[in-house]
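# Commentary on secondary and tertiary structure
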Amino acid sequence: RGSMSRFPLLLFAASLLAAGDALLLAPGRSVAARPAAPRALATAAEKEGEEEGEEEEEFKLLSAAWELLGSEEKRRQYDSLDYFNDALPTAFRPRADDPGRFFRVFGPVFARQAKFSVARPVPSVGDDETPLEEVQRFYAFWTRFRSWRDFSLLAEYDTAEAEDREERRWMQRQNKNEVERLKRSEMRRLMSAVELAQENDPRLHRAKEERAAERELQRRRKEEALAAEKRAKAEAAEQARAAEAAAAAAAAERASKDSDKAAAKREKEKARSALKKARKELKSLGEEGAAWRARASDLEAVASGLPLVEIEALHATLSAGDEAAGTDALEAALRKVLG
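Below is a short write-up of the structure. (Residues numbered from 1 in each chain as written. Predicted model: local features only at pLDDT ≥ 70, side-chain atom pairs only at ≥ 80, totals over all residues. Heavy atoms only, no water.)

Applying the stated criterion across every chain, the model contains 21 salt bridges. For R220, the salt bridge is made with E216, and the minimal N-O distance between the two is 3.7 Å. Highlighted residues: R220 and E216, both in helix α8 (residues 202-284), separated by four residues, approximately one helical turn. Linking K233 and E229 is a salt bridge whose minimum nitrogen-to-oxygen distance equals 3.5 Å. Residue K233 and its partner E229 are both found in helix α8; the two are separated by four residues, about one turn of the helix. Look at the salt bridges and you will find they share partners, linking D86, R149, E186 and R189 into a network. (Salt bridge = Lys/Arg side-chain N within 4 Å of Asp/Glu carboxyl O. Helix = DSSP H or I, 4+ residues; strand = E, 2+ residues; numbered from the N terminus.)

Let's shift gears to the nonpolar core. Ranked by internal contacts, the top residues of the largest apolar core, which has 25 residues, are F102, F106, F110, Y139, W142 and F145. Taken together, the elements giving at least two residues each to this core come down to α5 (101-113), α6 (132-143) and α7 (165-200). At six residues, α7 tops the list of elements feeding residues into this core. Not counting residues within four places of it along the chain, the set of residues in contact with F110 comprises V125, F138, W142, V194 and A197. Core analysis: the next-biggest nonpolar cluster, separate from the first, contains 14 residues, W292, V302, A333 and L334 among them. (Core = buried A, V, L, I, M, F, W, Y, C linked by side-chain atoms within 4.5 Å. Buried < 20%, exposed > 50% of the residue type's maximum accessible area, 1.4 Å probe, protein only. Contact = heavy atoms within 4.5 Å.)

Over its twelve residues, helix α10 (residues 308-319) runs 16 Å from end to end, which matches the ideal 16 Å to within 8%, given 1.5 Å per residue. Along α10, the positions that sit buried rather than exposed are I311, L314 and L318. Buried positions in α10, seen along its axis, are confined to an arc of 65 degrees and lie on one side of it. As for α10, its buried residues are in contact with α8, α9 (296-305) and α11 (323-338). Looking one or two places after α10, you find G321, whose phi comes out positive at around 95 degrees. (Expected span 1.5 Å × (residues − 1). Arc of directions from axis to C-beta.)

Turning to the packing of α5 against α7, a few remarks are in order. Where α5 meets α7, the closest approach of the two axes is 11 Å, and the angle between their N-to-C directions is 150 degrees. For the element pair α5 / α7, the angle class is roughly antiparallel. Considering only the axes of α5 and α7, their crossing is left-handed. Across the interface between the two elements, F102, F106, F110 and Q113 from α5 touch E186, L190, A193, V194, L196, A197 and N200 from α7. Of the residues contributing to the contact of α5 with α7, the split by class is eight nonpolar, two polar and one charged. (Axes fitted to C-alpha atoms, helices over the stretch in contact; angles between N-to-C directions. Parallel < 35°, antiparallel > 145°, perpendicular 65-115°, else oblique. Left-handed = near helix turned anticlockwise from the far one by under 90°. Nonpolar A, V, L, I, M, F, W, Y, C, P; charged D, E, K, R; others polar.)

Attention now moves to unusual backbone geometry. Along the chain, R120 connects to P121 via a cis peptide bond; the corresponding omega equals -5 degrees. Examined against the element boundaries, P121 turns out to sit in the loop between α5 and α6.

Next up on the list: the packing of α9 against α11. When two helices pack together, their arrangement is given by the angle between their axes and by how far apart the axes lie. Look at α9 against α11: their axes get within 9 Å of each other, and the N-to-C directions meet at 55 degrees. By the angle between their axes, α9 is oblique relative to α11. Read as a crossing pair, α9 and α11 show a hand that is left-handed. Across the interface between the two elements, D298, L299, A301, V302 and G305 from α9 touch L330, A333, L334 and V337 from α11. Of the residues contributing to the contact of α9 with α11, the split by class is seven nonpolar, one polar and one charged.

Within the secondary structure, A87 sits in the loop between α4 (72-81) and α5. Accessibility expressed as a relative area gives 43% for A87, which makes it partly exposed. For A87 and R112, which are 25 residues apart along the polypeptide, the C-alpha to C-alpha distance reads 9.5 Å. When neighbours within four sequence positions are excluded, A87 is seen to be in contact with V109, R112 and R189.

So this is what it looks like as structure tokens:
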């Protein structure tokens, strides 16, 4: 745990070195141009009359800080913790009267975290007018965020203090586990912030509302189409029933007419048969040996000209045996036929 007691001083010394114009190295910048050594700083401190022990401790501290800033790996470890504002929001309450609040809260958060991104370029939060496609790409990037942030300087054990190789290996394993735990914890914290932003992003809320409105519109249109289809089917069925009923009525009417026509035809045939029979019976009264043989030609004439009823009446009169009445009836029938 000895390294932890010196860590704040080491960071402070490193920040002093990094602040100097001649020693300034930005994160990711090559260390090839680093000056030779910080001996001049230690010498200046000696000239001010500090105690020898303090001078040596300061020199060691400055040398360690110089070594930290001169190594890409150690510089990255330093940049991971260099008094960095890594505050992340854990709650957010949107305000209807202040729609820009979301961007003021989360914009700086993602801008600060962007320095740790392995992938470049890093998309920004944008603003309220950012297209939805860019907003979706932004969250896709941050949900798959890969960070180079290194927490090795927060390791619990200083391997240089190990008494033997076995203890050094044990310290290395413990440090590795601790660094990985810190990295996982930090990534969970960052992902929670990403989820919080995603849940409260007004652009995503609008898109969600628009999708819901579109789904509702499609649902209503579908219901209206189904209702229209149902009405059309009902109307078609009603029309089919009406057509079927009309066809049945027409068929019944035709059947009735055909029946009436057949009945009329049968009656006509019956009347014709009856007329033919009556004429034959009337004519038979003038046949050879019959009572009215002498008037056979007259019977032929009236049989051809009188209707059925009158023929039957005349036949009945002539068959009654009253010659006078029969002669009168025959004469009347001749006058009627002959005019």
